[in-house]
Amino acid sequence: MQLGVIGLGRMGAIVVDRVLDAGHDVVAFDLDDDAVAAAADAGATPADSIEDLVGKLGDEKRIWLMVPAGPAVDAALDDLEDVLDADDIVVDGGNSHFEDSVRRAESTEAAYLDCGTSGGPAGAELGFSLMIGGPEWAYDELTPVFDAVATGPAGHDRMGAAGSGHYVKMVHNGVEYALMQAYGEGFELLAEGRYDLDLEAVARTWNNGAVIRSWLLELCEEAFREEGSDLGDVDDHVAGGSTGTWTVQEALEQEISLPLIYQALAERFASRDERFSRRLANRLRYGFGRHEVARKEE
Ligand SMILES: NC(=O)C1=CN([C@@H]2O[C@H](COP(=O)(O)OP(=O)(O)OC[C@H]3O[C@@H](n4cnc5c(N)ncnc54)[C@H](O)[C@@H]3O)[C@@H](O)[C@H]2O)C=CC1
Ligand SMILES: O=C(CO)[C@H](O)[C@H](O)COP(=O)(O)O
């Protein structure tokens, strides 16, 4: 299969590498020339514009967008608008709001698959978890690509109609916020409580057989190993917040009570300094997303 990939940053480069490794062809474009050159080094055919990318794809175009959610997705779709027809497929693998995805699916000539992507840059080796919404034929057609990008056949599934992939990913991120908050609070009590504890040792012990073992807890272990039990100069500023906000907004609209996710979101927005839990969350976002770690001023 031949896949066009638009957006070759932390996540898009992994899509390119994994699709190439599975024996497919990739045509790659990014606004950043260096990212295009890196994709070409990996074996992709470089494109210097979306028009050029489209020209290098066959009649039935399969295109994966991995650009930042929001205007960049609409900009790419605007550029594609005149060349897409009903036999073509566009995947949006970013963290788009599900209502934007429904709107785009309705206004795009091509079959539109909204694809929630989880796993972060660690997915380079492991593959991602993919939550996909949109037409069944398009999902079936792109199954070889999803097999390659995901951990394998069990790492992706069609959630349902347009928007459902990004809806499931939105809720996933709300859960992610609450889990980070829970680990942060537990380690804050351990850090500031009665005993002088090695928190890497605690996390490692929990990760080996404990009820609360998880990848996020492995990232806690990594953070304490690399930063120390006091988290060194890791600041208590936690960036992000959009996907958690959407989860809470949707819960309010559906009259579903999500106190843990709301509280975790509120913690991000609160301005109190020196919360250990926020500093750990700041460091964990580096662990799973290679998001920049905010450091304290000297
Ligand atoms: N980093 C992570 O852990 C995860 C990110 N995501 C989502 O995946 C998407 C991509 O994220 P990252 O790769 O982390 O971002 P990134 O910032 O590393 O890469 C985005 C790339 O898109 C390019 N770009 C922006 N606008 C463009 C346009 N109009 N045409 C072509 N290229 C364009 C940029 O030059 C950049 O190379 C986002 O929606 C993000 O929320 C989803 C799951 C995890
Ligand atoms: O989707 C992700 C992880 O699953 C990304 O890392 C995302 O950036 C996290 O969301 P936010 O920036 O809203 O905290």
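Each value, and the rule that gives it
Residues numbered from 1 in each chain as written. Chains lettered and ligands numbered in written order. Predicted model: local features only at pLDDT ≥ 70, side-chain atom pairs only at ≥ 80, totals over all residues. Heavy atoms only, no water. UniProt positions renumbered as here; feature names shortened; annotations may be inferred. Helix = DSSP H or I, 4+ residues; strand = E, 2+ residues; numbered from the N terminus. Rg over C-alpha atoms; globule rule 2.2 N^0.38 Å. Buried < 20%, exposed > 50% of the residue type's maximum accessible area, 1.4 Å probe, protein only. Contact = heavy atoms within 4.5 Å. Lys, Arg positive; Asp, Glu negative; His and termini not counted. Charge placed at Lys NZ, Arg CZ, Asp CG, Glu CD. Phe/Tyr/Trp six-rings, centres within 6.5 Å; stacked < 30°, edge-to-face > 60°. Lys NZ or Arg CZ within 6 Å of the ring centre and 35° of its normal. Near = heavy atom within 4 Å. Polar contact = N/O pair within 3.5 Å; in protein donor to acceptor, adjacent residues only side chain to side chain. Areas by Shrake-Rupley, 256 points an atom, 1.4 Å probe, with all protein chains shown as cover. Nonpolar A, V, L, I, M, F, W, Y, C, P; charged D, E, K, R; others polar. Patch = residues over 30% accessible without salt bridge, like charges linked within 9 Å, V, L, I, M, F, W, Y side chains within 5 Å. Salt bridge = Lys/Arg side-chain N within 4 Å of Asp/Glu carboxyl O. pLDDT = per-residue confidence, 0-100. Expected span 1.5 Å × (residues − 1). Core = buried A, V, L, I, M, F, W, Y, C linked by side-chain atoms within 4.5 Å.

Going by what an unreviewed UniProt entry lists, the protein chain is known as 6-phosphogluconate dehydrogenase, NAD(+)-dependent, decarboxylating and is assigned to Natronoarchaeum philippinense. The Subunit (unreviewed entry) field of the UniProt record for the protein chain holds the comment "Homotetramer." What UniProt states about the protein chain under its Sequence similarities (unreviewed entry) heading is, verbatim, "Belongs to the 6-phosphogluconate dehydrogenase family."

Q: Please set out the overall build of the protein chain residue by residue, giving values where relevant.
A: Along the backbone of the protein chain there are 14 helices and 8 strands. For the protein chain, whose C-alpha radius of gyration is 20 Å, the value lies close to the compact-globule estimate of 19 Å for 298 residues. Across the 298 residues of the protein chain, 51% fall into the buried class. A separation of at least 24 residues holds for 64% of the contacts in the protein chain among residues at least 6 apart in sequence. When the 23 positive and 58 negative side-chain charges of the protein chain are each reduced to one mean point, those points stand 9 Å apart.

Q: Provide a residue-level description of the packing of aromatic side chains, including the pertinent values.
A: The tally for this structure, following the rule as stated, stands at 5 aromatic pairs. An angle of 85° between the planes, with centres 4.8 Å apart, marks the rings of Phe98 and Tyr167 as edge-to-face. Residue Phe98 is found in helix α5 (residues 98-107), and its partner Tyr167 is found in helix α9 (residues 164-192); the two are separated by 69 residues along the sequence. Overall, the relative accessible area of 28% leaves Tyr167 in the partly exposed class. Counting every residue linked through ring pairs, the aromatic cluster contains Trp64, Tyr139 and Phe146. Its end group placed over the ring of Tyr177, Arg268 keeps NZ or CZ at 3.7 Å from the ring centre.

Q: Mind laying out the site of ligand 2, listing which residues take part and the relevant values?
A: The full set close to ligand 2 counts 14 residues, and Lys169, Glu176, Tyr177, Thr243 and Arg268 are the nearest of them. The side chain of Tyr177 places a nitrogen or oxygen atom 2.7 Å from an oxygen atom of ligand 2. Within the complex, the protein chains bury 86% of what would otherwise be the 370 Å² of accessible surface of ligand 2. By residue number, the principal contributor to the shell around ligand 2 is α9, which donates 5 residues. When grouped by side-chain class, the residues that make up the shell around ligand 2 number 2 nonpolar, 8 polar and 4 charged.

Q: Mind laying out a nonpolar patch on the surface, listing which residues take part and the relevant values?
A: Taken together, the side chains of Val171, Val175 and Leu179 present a nonpolar region at the surface, about 210 Å² in accessible area. Along the polypeptide, Leu179 turns up in helix α9.

Q: Could you give me a rundown of the pattern of salt bridges, with the residues and numbers involved?
A: Within this structure, the stated rule accounts for 15 salt bridges. Among the salt bridges present, the one from Arg278 reaches Glu267, with a minimum N-O distance of 3.3 Å. With Arg278 in helix α14 (residues 276-289) and Glu267 in helix α13 (residues 259-269), this residue pair connects regions lying 11 residues apart in the sequence. Taking the relative accessible area as the measure of exposure, Arg278 reaches 4% and is therefore buried.

Q: A description of the confidence of the model for the protein chain should follow, citing residues and the corresponding values.
A: Scored by pLDDT, the protein chain comes out at a mean of 96, with 98% of its residues at no less than 70. Of the two predicted TM-score estimates for the complex, the pTM is 0.93 and the ipTM is 0.98.

Q: A description of helix α12 (residues 242-254) should follow, citing residues and the corresponding values.
A: Across its 13 residues, α12 extends 18 Å between first and last C-alpha, which sits within 8% of the 18 Å expected from 1.5 Å per residue. The positive-phi residue at the C-terminal boundary of α12 is Glu255, with phi of around 55°.

Q: Please give an account of the nonpolar core that cites residues and values.
A: Nonpolar side chains tend toward joint burial in soluble globular proteins. Membership of the largest hydrophobic core comes to 32 residues, with the highest contact counts inside it found for Trp64, Leu130 and Phe146. It is helix α1 (residues 12-21) that contributes the most residues to this core, 5 residues altogether. Discounting chain neighbours no more than four positions away, the residues touching Trp64 are Leu3, Gly4, Val5, Ile6, Val15, Val91, Gly93, Cys115, Leu130, Val145, Phe146 and Val149. One finds Leu217, Leu219, Phe224 and Leu284 within the second-largest nonpolar core, a separate group that totals 21 residues.

Q: I'd like a rundown of the site of ligand 1, residues and numbers included.
A: Around ligand 1 there are 23 residues in total, and Arg10, Met11, Asp30, Asn95 and Thr117 lie nearest to it. The contact in question runs from an oxygen atom of ligand 1 to an N or O atom on the backbone of Arg10, over 3.0 Å. Residue Ala69 places a main-chain N or O atom 3.4 Å away from an oxygen atom belonging to ligand 1. Protein contact buries 80% of the 840 Å² of open area that ligand 1 shows by itself. Of the residues belonging to the shell around ligand 1, the class tally is 12 nonpolar, 8 polar and 3 charged.

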